[in-house]
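Structure assessment
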Amino acid sequence: MKLPLVELHLHIEGTLEPELLFELAERNAVTLPWASLDELRAQYDFADLQSFLDLYYRALDVVRERIDFADLTRAYLARARTAGVRHAEIFFDPQAHTSRGVPLGTALAGVRDALDRSVDEWGITTKLIVTFLRDRPADEALQILREILADGVAIDGIGLDSAEVGYPPALFTEVFDLARAHGLRLVAHAGEEGPPDYVWQALDLLGVERIDHGIRSLEDEALLDRLVRDRVPLTVCPFSNVRLRVIDTLADHPIVRMLDRGLLACINSDDPAYFGGYIDDNLAALDAEFDLGPDRLALLARNGIEASFLTPAEKAALLDEVETWLTARREPASGPATAIRSS
Ligand code: ADE
Ligand code: ZN
């Protein structure tokens, strides 16, 4: 049995693997600036968030038709299934597509095609969270949200992402107010590169229910008290933090400190095609680095379940499975030794 996982911080655009990128380039007759897979992979050496985003948006040039969006989403779900993911709350960046002439409806329909079959095909329940690019005007986000609501496309929530510093959550209050009025769930990237004040703003001005990343909250004790008191989840992405140089090495990652401080932190992959691995790879690397062991791995899995937008009954069912997994690990005679990947 695999540890049942929930993934809450995953940009579908960040799952575009080099092989699929080349396949879509051929399908859509797009001329790429990279001559080979190796030449493309050589670009995956990022100085910071912006240098990553430049490549992330550029690579999307190959994703054009409804079927491309469905194929991208299906490829993620297939890989997530092997990781033990049972529920995924997936981010989708409309403006990364509309800004290059792809109609919103085309992109969203393709993603929905794959999500609507996800339970049957992969045994993975999903939610769809539309994320707005904070380095573009709030009015544009508002317009797109209105369009989605008018078209009746099934989305579950909204979020905020892209270049953080200089684009505080306060700019987006109207967008989040509209989403809240329509019963959508609310999340935002904050405290990735930006200061703890952006986490405060996301909580107090946008009313978000989860903070994506939030790693810089560790610089503010009063903020930590608030996050612990209100059990505000932080969707932490260790490989991303290393690759985008938020921290120097995985050994410097504060995840254990975060858990010990009582934060509701869970592990996620962010943009796995670019950062060296999926959610299971992140957990396995943390286990190897910090010797987490079954108890803390189970804690991280439980935190993800609690932090999700699943119903209490759905959460209870997954939590039961985590306990079953843990029991097998505590009685090693009846269970395999490998913590994450054993089936
Ligand atoms: N978009 C995709 N990945 C992101 C990240 N790590 N931070 C902000 N925006 C993103
Ligand atoms: Zn992210």
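Residues numbered from 1 in each chain as written. Chains lettered and ligands numbered in written order. Predicted model: local features only at pLDDT ≥ 70, side-chain atom pairs only at ≥ 80, totals over all residues. Heavy atoms only, no water.

In the annotation of an unreviewed UniProt entry, the entry for the protein chain reads Adenine deaminase, and the organism field reads Cryobacterium cryoconiti. Its UniProt record gives the protein chain a comment under Catalytic activity (unreviewed entry), which states: "adenine + H2O + H(+) = hypoxanthine + NH4(+)". In its Sequence similarities (unreviewed entry) section, the UniProt entry covering the protein chain states "Belongs to the metallo-dependent hydrolases superfamily. Adenosine and AMP deaminases family. Adenine deaminase type 2 subfamily." (UniProt positions renumbered as here; feature names shortened; annotations may be inferred.)

Turning our attention to the coordination of the zinc ion (ligand 2). The protein atoms donating to the zinc ion (ligand 2) are His9 (NE2), His11 (NE2), His189 (NE2) and Asp270 (OD), with metal-donor distances spanning 2.0 to 2.2 Å. What the 4 donor atoms of the zinc ion (ligand 2) show is an angle range of 84 to 175° at the metal, which sorts the shape as irregular. Sequence spacing of the donor residues for the zinc ion (ligand 2), all on one chain, is H-x1-H-x177-H-x80-D. Note that His11 is positioned in strand β1 (residues 5-11) and Asp270 in the loop between β8 (264-267) and α14 (272-275), a separation of 259 residues in sequence. For the pair shown, His11 and Asp270 are each scored as buried. (Donors = N, O, S within 2.8 Å, 3.2 Å for Na, K, Ca; no water. Tetrahedral: all angles 85-135°; square planar, octahedral: opposite > 155°, others 65-115°. Helix = DSSP H or I, 4+ residues; strand = E, 2+ residues; numbered from the N terminus. Buried < 20%, exposed > 50% of the residue type's maximum accessible area, 1.4 Å probe, protein only.)

A word on the site of ligand 1. Taken together, the residues surrounding ligand 1 are His11, Leu49, Phe52, Leu53, Tyr56, Asp161, Ser162, His189, Glu192, His213, Asp270 and Asp271. A distance of 3.5 Å separates a nitrogen atom of ligand 1 from a polar atom in the side chain of His213. Separating a nitrogen atom of ligand 1 from a side-chain N or O atom of Asp270 is a distance of 2.7 Å. In isolation ligand 1 offers 260 Å² of accessible surface; the protein chains occlude 100% of this area. A per-element tally of the shell around ligand 1 places helix α3 (residues 49-59) first, with 4 residues. Along the lines of polarity and charge, the residues of the shell around ligand 1 split into 4 nonpolar, 4 polar and 4 charged. (Near = heavy atom within 4 Å. Polar contact = N/O pair within 3.5 Å; in protein donor to acceptor, adjacent residues only side chain to side chain. Areas by Shrake-Rupley, 256 points an atom, 1.4 Å probe, with all protein chains shown as cover. Nonpolar A, V, L, I, M, F, W, Y, C, P; charged D, E, K, R; others polar.)

On to the packing of aromatic side chains. Using the criterion set out here, one finds 9 aromatic pairs in the structure. Taken together, a centroid distance of 4.9 Å and an interplanar angle of 40° make the contact between Tyr44 and Tyr274 tilted. On the criterion of sequence distance, the pair formed by Tyr44 in the loop between α2 (37-41) and α3 and Tyr274 in helix α14 is long-range, its members being 230 residues apart. The pair formed by Tyr44 and Tyr274 is uniform in burial state, with each residue classed as buried. An aromatic cluster of at least three residues, connected via ring pairs, comprises Tyr44, Phe46, Phe52, Tyr56, Tyr57, Tyr274 and Phe275. It is Arg210 that lies over the ring of Phe309; its NZ or CZ is 4.1 Å from the centre. (Phe/Tyr/Trp six-rings, centres within 6.5 Å; stacked < 30°, edge-to-face > 60°. Lys NZ or Arg CZ within 6 Å of the ring centre and 35° of its normal.)

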